[in-house]
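# Structural characterization, general
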Amino acid sequence: MGSLKVEMVAADRKVWEGEAKFVRGRTASGELGILPGHSPLLGAIVQGEVTIEAMDGSRHQAKVDGGFLSVDSDVVTIVAEHVDATSLHSTGH
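Residues numbered from 1 in each chain as written. Predicted model: local features only at pLDDT ≥ 70, side-chain atom pairs only at ≥ 80, totals over all residues. Heavy atoms only, no water.

### Some details on the pattern of salt bridges
When charged atoms on two side chains of opposite charge get close, those side chains can pair. Under the defined criterion, the tally for this structure stands at eight salt bridges. The partner of Glu31 in a salt bridge is Arg24, and the shortest N-O contact between them spans 3.1 Å. The exposure class assigned to Glu31 is partly exposed, which follows from its relative accessible area of 44%. For Arg24, a relative accessible area of 27% puts it in the partly exposed group. (Salt bridge = Lys/Arg side-chain N within 4 Å of Asp/Glu carboxyl O. Buried < 20%, exposed > 50% of the residue type's maximum accessible area, 1.4 Å probe, protein only.)

### Digging into the pairing of strand S8 (residues 75–80)
Here strand S1 (residues 4–10) pairs with S8 via six bridges, running parallel. Along S8, the bridge assignment pairs Lys5 with Val75. By the bridge criterion, six bridges tie strand S7 (residues 67–72) to S8 in an arrangement that is antiparallel. If you follow Val71 over to S8, its bridge partner there is Val76. Between S7 and S8, which pair antiparallel in sequence order, lie two residues; one of them, Ser73, sits at a positive phi of approximately 55°. (Pairing = 2+ DSSP bridges. Helix = DSSP H or I, 4+ residues; strand = E, 2+ residues; numbered from the N terminus.)

### A few points about the environment of Gly66
Structurally, the position occupied by Gly66 is in the loop between strand S6 (59–64) and S7. Sequence separation between Gly66 and Gln47 is 19 residues; the distance between their C-alpha atoms is 5.0 Å.

### Notes on the pairing of S6
As defined by bridge partners, strand S5 (residues 48–54) adjoins S6 across six bridges and the pair is classed as antiparallel. When the bridges of S6 are listed, Gly48 appears paired with Val64.

### Some thoughts on unusual backbone geometry
At Ser73, a residue that is not glycine, the phi angle is positive and equals roughly 55°. Along the polypeptide, Ser73 turns up in the loop between S7 and S8. Phi is positive for Asp74, close to 65°, though the residue is something other than glycine. Of note, Asp74 is situated in the loop between S7 and S8. Take Asp74: its relative accessible area is 25%, and that puts it in the partly exposed class.

Here's what the structure looks like:
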């Protein structure tokens, strides 16, 4: 299985960047999961949690209050108006 290159940025800073197996976020249409090989996509994300599962198995979670998510050629970019930095943490390994 391949990997995703993920970058999460807030309006004022880069929050997280790295290689991942899986990304999950919430859009107006519902929960969205992204794996390597996902079709190109540009969508609005709504308030909620974004989860990134890194290649080493660790999970990084952050609360966002809206923005957008794009997927193109296994590159995932998440741009949020605000990211709750205190909520960006790793869980498990």
